[in-house]
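# Coordinate inspection notes
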Amino acid sequence: MALSREELIRAVSAQMPAKRWKHTQGVMESAVALAEKYGADPEKADVAAILHDVAKYWPIAEMEAIIRDHNNRLNVELLTHDKQLWHSEVGAFVAERDYGVSDSEIINAIRWHTSGRVGMSLLDKVVCLADYIEPGRDFPGVEHIREQAHRSLEEGLIAGFDSTISLLLSQRRVIYPLTVLSRNDLIAQLKIMEVGS
Ligand code: DGI
Ligand code: FE
Ligand code: FE
């Protein structure tokens, strides 16, 4: 049984500190606005935004157990990468298992909100970009991402992934290859759109 929106908000907000819930509310606002601007379903964007960071504050061992126990459906290879990447995979799983979300577009938008993927759906793009530009975000370069987001979802996301990749490079951290592939795919999508117009 799917929960009502109010029940969902209560259950999700109880799993995170106030600051992270405030971020989630910002993502809800930005995701709905981007959905309206770019023709995605605002109600799906809202539900995906509510749930996108549901597992962000779960104990590492619990996230690891879920990914291991469901390695037939989940990407167990993620466990060899930065732990920061696990919450999106686990979040998508618990959205379905614990909160009765059955819509695969919503599940995918949660699942791919951190790394993106090659061939991101419209809803994937909306939620991932909203996560970068929500009103509470205040990191160096966020204004540039917001400006690019006015031009297109793809330009906004390229700017977003570029900022993540630059940050990881500057900190000598490992880059998850899918983040690079997602960024390259968005550039390819823009080239195809240019040729087509
Ligand atoms: O959960 P949020 O903080 O709202 O944002 P997110 O889901 O985009 O998580 C980003 C975190 O993941 C950030 O601390 C950087 C970290 N991370 C580590 N390696 C990578 C990475 N993010 C991406 N996209 N790609 C990586 O290779
Ligand atoms: Fe996240
Ligand atoms: Fe987030």
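On a predicted model such as this, the values are computed, not experimentally measured, just so you know.

## Observations regarding the UniProt feature "domain: HD" (unreviewed entry) in the chain
The sites that carry the UniProt feature "domain: HD" (unreviewed entry) are, in the present numbering, residues 20-136. Between the first and last C-alpha atoms of residues 20-136 the distance is 10 Å; the span itself is 61% helix and 0% strand.

## As for helix α7 (residues 122-133)
Taking 1.5 Å of rise per residue, 12 residues should cover 16 Å, and α7 covers 17 Å from first to last C-alpha, within 8% of that figure. Buried residues dominate α7, accounting for 11 of its 12 residues. Where α7 is buried, its residues touch α2 (18-38), α3 (42-51), α6 (104-111), α8 (142-151), α9 (153-170) and α10 (177-196).

## Remarks on the pattern of salt bridges
Applying the stated criterion to the full structure yields 15 salt bridges. Arg-20 is paired through a salt bridge with Asp-53; the nearest N and O atoms lie 2.9 Å apart. Placement of the pair is Arg-20 in helix α2 and Asp-53 in the loop between α3 and α4 (60-69), with a sequence separation of 33 residues. For Arg-20, a relative accessible area of 13% corresponds to the buried category. The class for Asp-53 is buried, based on a relative accessible area of 2%.

## A closer look at the site of ligand 1
For ligand 1, the set of nearby residues contains 18 residues, the closest of which are Lys-56, Thr-114, Arg-137, Tyr-176 and Thr-179. Contacts to ligand 1 include His-87, whose side-chain N or O atom sits 3.1 Å from an oxygen atom. Here an oxygen atom of ligand 1 sits 3.0 Å away from a polar atom, N or O, in the side chain of His-113. Those elements giving two or more residues to the shell around ligand 1 turn out to be α2 and α9. Across the shell around ligand 1, the residue classes break down as four nonpolar, seven polar and seven charged.

## Description of the coordination of the iron ion (ligand 3)
Taken together, His-23 (NE2), His-52 (NE2), Asp-53 (OD) and Asp-131 (OD) make up the full set of protein donors to the iron ion (ligand 3), lying 2.2 to 2.3 Å away. In this structure, the iron ion (ligand 3) lies 3.6 Å from the iron ion (ligand 2), and both are coordinated by Asp-53. Each member of the pair, His-52 together with Asp-53, is buried.

## Here we look at unusual backbone geometry
Phi at Arg-172 takes a positive value of approximately 55 degrees, unusual for a residue other than glycine. By the secondary structure assignment, Arg-172 is in the loop between α9 and α10.

## Topic: the coordination of the iron ion (ligand 2)
At this site the iron ion (ligand 2) is bound by Asp-53 (OD), His-87 (NE2) and His-113 (NE2), with donor distances of 2.1 Å. In the primary sequence, the donor residues of the iron ion (ligand 2) line up as D-x33-H-x25-H. The class for His-87 is buried, based on a relative accessible area of 4%.

## Details of the environment of Asp-138
Secondary-structure assignment places Asp-138 in the loop between α7 and α8. Spatially, the C-alpha atom of Asp-138 lies 27 Å from that of Leu-190, the residues being 52 residues apart in sequence.

Parameters and conventions
- Residues numbered from 1 in each chain as written.
- Chains lettered and ligands numbered in written order.
- Predicted model: local features only at pLDDT ≥ 70, side-chain atom pairs only at ≥ 80, totals over all residues.
- Heavy atoms only, no water.
- UniProt positions renumbered as here; feature names shortened; annotations may be inferred.
- Helix = DSSP H or I, 4+ residues; strand = E, 2+ residues; numbered from the N terminus.
- Expected span 1.5 Å × (residues − 1).
- Buried < 20%, exposed > 50% of the residue type's maximum accessible area, 1.4 Å probe, protein only.
- Contact = heavy atoms within 4.5 Å.
- Salt bridge = Lys/Arg side-chain N within 4 Å of Asp/Glu carboxyl O.
- Near = heavy atom within 4 Å.
- Polar contact = N/O pair within 3.5 Å; in protein donor to acceptor, adjacent residues only side chain to side chain.
- Nonpolar A, V, L, I, M, F, W, Y, C, P; charged D, E, K, R; others polar.
- Donors = N, O, S within 2.8 Å, 3.2 Å for Na, K, Ca; no water.

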